[in-house]
Amino acid sequence: MLLRRTLIALPLLLAAAGAQAAATVGQPAPDITLKDTTGKTVRLSDFKGKHVVLEWTNPGCPFVRKHYDSGNMPATQKDAAGKDVVWLAVNSTEKASGDYLEPARLTSWLKERQSAPTAILMDEEGTAGRAYGARTTPHMYIVNPQGQLIYAGGIDSIPSSKVDDIQRATNYVKTGLAEALAGKPLTASTTRPYGCSIKYKDPA
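Residues numbered from 1 in each chain as written. Predicted model: local features only at pLDDT ≥ 70, side-chain atom pairs only at ≥ 80, totals over all residues. Heavy atoms only, no water.

### A short note on the overall build of the chain
A tally of regular secondary structure across the chain gives 6 helices and 9 strands. Burial statistics for the chain: of 204 residues in total, 48% are counted as buried. Taking the intrachain contacts of the chain between residues at least 6 apart in sequence as the baseline, contacts between residues at least 24 apart amount to 74%. Per element, the accessible surface of the chain, about 10400 Å² overall, is 54% carbon and sulfur. (Helix = DSSP H or I, 4+ residues; strand = E, 2+ residues; numbered from the N terminus. Buried < 20%, exposed > 50% of the residue type's maximum accessible area, 1.4 Å probe, protein only. Contact = heavy atoms within 4.5 Å. Areas by Shrake-Rupley, 256 points an atom, 1.4 Å probe, with all protein chains shown as cover.)

Structure (structure tokens):
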């Protein structure tokens, strides 16, 4: 009877573990394929040979607005672009959420704040977000030119929605990119993300 119960329970445990699986620093980054806000298909693997930043975003989140309205996120994006780093902004908000912005409105919101990502990707089904285990907006990742995940976590070291905290915080993305581009290991490769929970579509 014990063996039978174990055999029944095992698939449930494996399923639960699979549901919680997320991208791991030091391992190959999950390749994702999404449409950008113009309808063009974009694949992470298209940028192999370059450092890539993945930023999960949602303009309805006050933590996201903190970093955009202050100019901090656009400045970090432009700093990365100046170093030939690819920046992919990903929105995994489901269409049924009150926070959802259709592609044109999302693009407009980001442009108004002088955002400078390489591409803005739509992930309404949540497949890319779940592949990375993205939990919050913002949630940040860095992938190296070999396709390996080298950073996962928050944009900076002070988990608050106060603009005044930006100047006092360590920008983990900017620091991590500088170290990676210099061929150094990252001082902080995994940190705690903070922000609003991602409004994922319920699994079918």
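Next comes the rest of the write-up.
### A short note on the nonpolar core
Among the nonpolar cores identified, the biggest contains 27 residues, and Val 53, Trp 87, Met 140, Ile 142, Val 173 and Leu 177 are the most heavily contacted of them. The next biggest cluster of nonpolar side chains, apart from the first, holds 24 residues, and it includes Val 42, Trp 56, Tyr 141 and Tyr 200. (Core = buried A, V, L, I, M, F, W, Y, C linked by side-chain atoms within 4.5 Å.)

### Quick notes on the packing of aromatic side chains
The tally for this structure, following the rule as stated, stands at 6 aromatic pairs. With 5.5 Å between their ring centres and 75° between their planes, Trp 56 and Tyr 141 make a pair best called edge-to-face. Here Tyr 141 lies in strand 7 (residues 139-143) and Trp 56 lies in strand 3 (residues 52-56), a separation of 85 residues in the sequence. Residues Trp 56 and Tyr 141 agree in their burial class; the two are buried. Centroid distance Tyr 151 to Tyr 172: 6.4 Å. Interplanar angle 40°. Geometry classified as tilted. Placement of Tyr 151 in strand 8 (residues 149-153) and of Tyr 172 in helix 6 (residues 172-181) is noted, with a sequence separation of 21 residues between them. (Phe/Tyr/Trp six-rings, centres within 6.5 Å; stacked < 30°, edge-to-face > 60°.)

### A look at the side chain of Asp 165
Its location among the elements puts Asp 165 in the loop between strand 8 and helix 6. Side-chain polar atoms of Asp 165 contact the side chain of Arg 168, separated by 2.4 Å. Ignoring sequence-local partners within four residues, the contact set of Asp 165 consists of Ile 158 and Ser 160. (Polar contact = N/O pair within 3.5 Å; in protein donor to acceptor, adjacent residues only side chain to side chain.)

### Concerning helix 4 (residues 103-112)
Think of an α-helix as turning once every 3.6 residues; residues three or four places apart then point the same way. Within helix 4, the full set of buried residues consists of Leu 106, Thr 107, Trp 109 and Leu 110. An end-on view of helix 4 places all buried positions within 160° of arc, on one side of the element. Of the residues in helix 4, the exposed ones pointing more than 90 degrees away from the buried face are Ala 104, Lys 111 and Glu 112. Looking at the buried residues of helix 4, the elements they touch are helix 2 (62-69), strand 4 (86-91) and strand 5 (119-122). Looking at the residues trailing helix 4, positive phi occurs at Gln 114, about 60°. (Arc of directions from axis to C-beta.)

### Considerations on the confidence of the model for the chain
The predicted coordinates should not be examined in detail at positions where pLDDT is low. The predicted model of the chain averages 91 in pLDDT, with 89% of residues at 70 or higher. For residues 1-20, every residue scores under 50 in pLDDT, and the model assigns this stretch 0 contacts once sequence neighbours within four places are set aside. (pLDDT = per-residue confidence, 0-100.)

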